[in-house]
Structures are given as structure tokens and as C-alpha cells.
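Okay, here's what each chain looks like letter by letter:
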Amino acid sequence: ALGLAVSCLSPTQRFALTAVPLLMIPQMILGGMLRPEADLSDRHPAPRVLSWLTIQRWGFEAALNLDTYGTGGIMVQACAPNTDSRYGALDWVQFHNGSLPECFFARKSRRLSLVLPTLALVAGSGVLLLAAHRALRRSLAKRESTQP
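Overview of the structure. Everything numeric in this text was worked out from a predicted model, so none of it was measured.

The helix and strand inventory of the protein chain stands at 6 helices and 2 strands. Secondary structure elements of the protein chain, listed N to C terminal, follow the sequence α-α-α-α-β-β-α-α. Across the 148 residues in the protein chain, those meeting the buried criterion constitute 26%. In the protein chain, 59% of the contacts between residues at least 6 apart in sequence involve partners at least 24 apart.

Summed over the entire model, instances satisfying the criterion amount to 1 salt bridge. Ionic pairing is found between arginine 57 and glutamate 61, a salt bridge with its closest N-O pair at 2.2 Å. Of this pair, arginine 57 and glutamate 61 both sit in helix α4 (residues 55-66), 4 residues apart, roughly one helical turn. Exposure class is identical for arginine 57 and glutamate 61. Each is buried.

Attention shifts here to the packing of helix α1 (residues 2-9) against helix α2 (residues 13-30). It is the contact of α1 with α2, at a shortest axis distance of 9 Å, that shows an interaxial angle of 150 degrees. Comparing the axis directions of α1 and α2 gives the class roughly antiparallel. In this structure, the crossing between α1 and α2 has a hand that is right-handed. Residue-level contacts link Leu2, Gly3, Val6 and Ser7 of α1 to Ala16, Ala19, Val20, Leu23, Met24 and Gln27 of α2. Class assignment of the residues belonging to the contact of α1 with α2 gives a composition of 7 nonpolar, 3 polar and no charged.

In this structure, Leu2, Ala5, Val6, Cys8, Ala19, Leu128, Ala132 and Ala135 together form the largest nonpolar core, which totals 8 residues. Among the elements of the structure, α1 and α6 (110-146) are those that each provide at least two residues to this core. Counting residues per element, this core draws most heavily on α1, which supplies 4 residues. In this view, alanine 5 contacts Leu128 and Ala132; residues no more than four positions away in its chain are not counted.

Applying the stated criterion to the full structure yields 1 aromatic pair. Here the aromatic rings of tryptophan 52 and tryptophan 58 are separated by 5.0 Å at their centres, their planes lie at 85 degrees, and the arrangement is edge-to-face. Residue tryptophan 58 is classed as buried on the basis of its relative accessible area of 5%. Note that arginine 57 overlies the ring of tryptophan 52, its terminal NZ or CZ placed 5.0 Å from the centroid. Stacked on the ring of tryptophan 58, the Lys or Arg arginine 57 has its end atom at 4.1 Å from the ring centre.

The next point concerns the layout of surface pockets. Reported here for the largest pocket is a volume of approximately 260 Å³. Surrounding the largest pocket, Ser7, Cys8, Leu9, Ser10, Pro11, Ala135, Leu136, Arg138, Ser139, Leu140, Lys142 and Arg143 form its lining. Looking at the lining of the largest pocket, the elements with two or more residues in it are α1 and α6. It is α6 that contributes the most residues to the lining of the largest pocket, 7 residues altogether.

Moving on: α4. Counted at 1.5 Å a residue, the expected span for α4 with its 12 residues is 16 Å, and the 17 Å between its end C-alpha atoms agrees. Those residues of α4 lying buried are Gln56, Arg57, Trp58, Phe60, Glu61, Ala62, Leu64 and Asn65.

The rules we used
Residues numbered from 1 in each chain as written. Predicted model: local features only at pLDDT ≥ 70, side-chain atom pairs only at ≥ 80, totals over all residues. Heavy atoms only, no water. Helix = DSSP H or I, 4+ residues; strand = E, 2+ residues; numbered from the N terminus. Buried < 20%, exposed > 50% of the residue type's maximum accessible area, 1.4 Å probe, protein only. Contact = heavy atoms within 4.5 Å. Salt bridge = Lys/Arg side-chain N within 4 Å of Asp/Glu carboxyl O. Axes fitted to C-alpha atoms, helices over the stretch in contact; angles between N-to-C directions. Parallel < 35°, antiparallel > 145°, perpendicular 65-115°, else oblique. Left-handed = near helix turned anticlockwise from the far one by under 90°. Nonpolar A, V, L, I, M, F, W, Y, C, P; charged D, E, K, R; others polar. Core = buried A, V, L, I, M, F, W, Y, C linked by side-chain atoms within 4.5 Å. Phe/Tyr/Trp six-rings, centres within 6.5 Å; stacked < 30°, edge-to-face > 60°. Lys NZ or Arg CZ within 6 Å of the ring centre and 35° of its normal. 1 Å grid on protein atoms, 1.4 Å probe; cavity = no way out; pocket = protein on both sides within 12 Å on 5 of 7 lines; lining within 4 Å. Points joined across faces, edges and corners; volume = space filled by probe spheres on them. Expected span 1.5 Å × (residues − 1).

Purely geometric stuff here, so don't read any function into it on its own.
Right, dumping it as C-alpha cells:
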């Protein structure tokens, strides 16, 4: 949807070929595949907000939540030192039963983790497709008005 919108809104083919990769690279970086949202700092909300604005993030989260093998029964590593224990240094790495989406995104209820990404993906794609449709119709109308 993003590539289609850019190609419809761009004035030339060369601009579209340049702009699509430049817009897709931040989608991949901020979408959660390369840098999971769960690892982003809470002190600086800007990367997390930018992650929420990318379409790829919602597609990736929806795909992870629909995967039957990743939704339960995997061991998730948590680094939480327990200094009260006699063997506190050994408690640095702990494991708990979790899910694959939990490794990449914040933990949510099962229903919300299925509905929210799907709605955000459909809404974001719909906005981009609507923008592409309007730009294409405007371009065709302009072309028809200039022809005799």
C-alpha cells in the first residue's frame, strides 16, 4: 500500500524508484523486526511512537500472533538480578514460559493482541490506498481535460 501510494503521488518514475526504498527502510527498522519494540527504552518515547506509526509493525505483530507455534510454550529470557539471594549473580538470567509476540512487543491480552494489529493494519493500508486512489483519479482527470 505504501509503494502504491508513493508511485501514484510521485511526479516521475525516477522519484518513485528512489522514494519507495527510502520509505521502506524506516518501516523495517522501526517495525519491530530489527529492533524489537519490547527493547525500546521507556525514557525516550519517540522511537516507540514512531514504531506505532509504521504499517510494517502491525503486520509483523499480527503475523506473530497468528502463528500457532509461537503463541505459547517458548522460553523467554528475562534479565532480572536478585541481589537478596545468596547466589544473586546466578539469578541474572531467568526464563519463563512465554510467547514469541511477547519477545518483540509489549504483553497484551490475547484478544487485544489479535484485534489491535489487524485494525491498525487495515486502517493504515486503507488510508494509503485511498490517497493513491485520489491521486490517480486526479491525474486521470487532469489528463482527460488536456486532451481534445
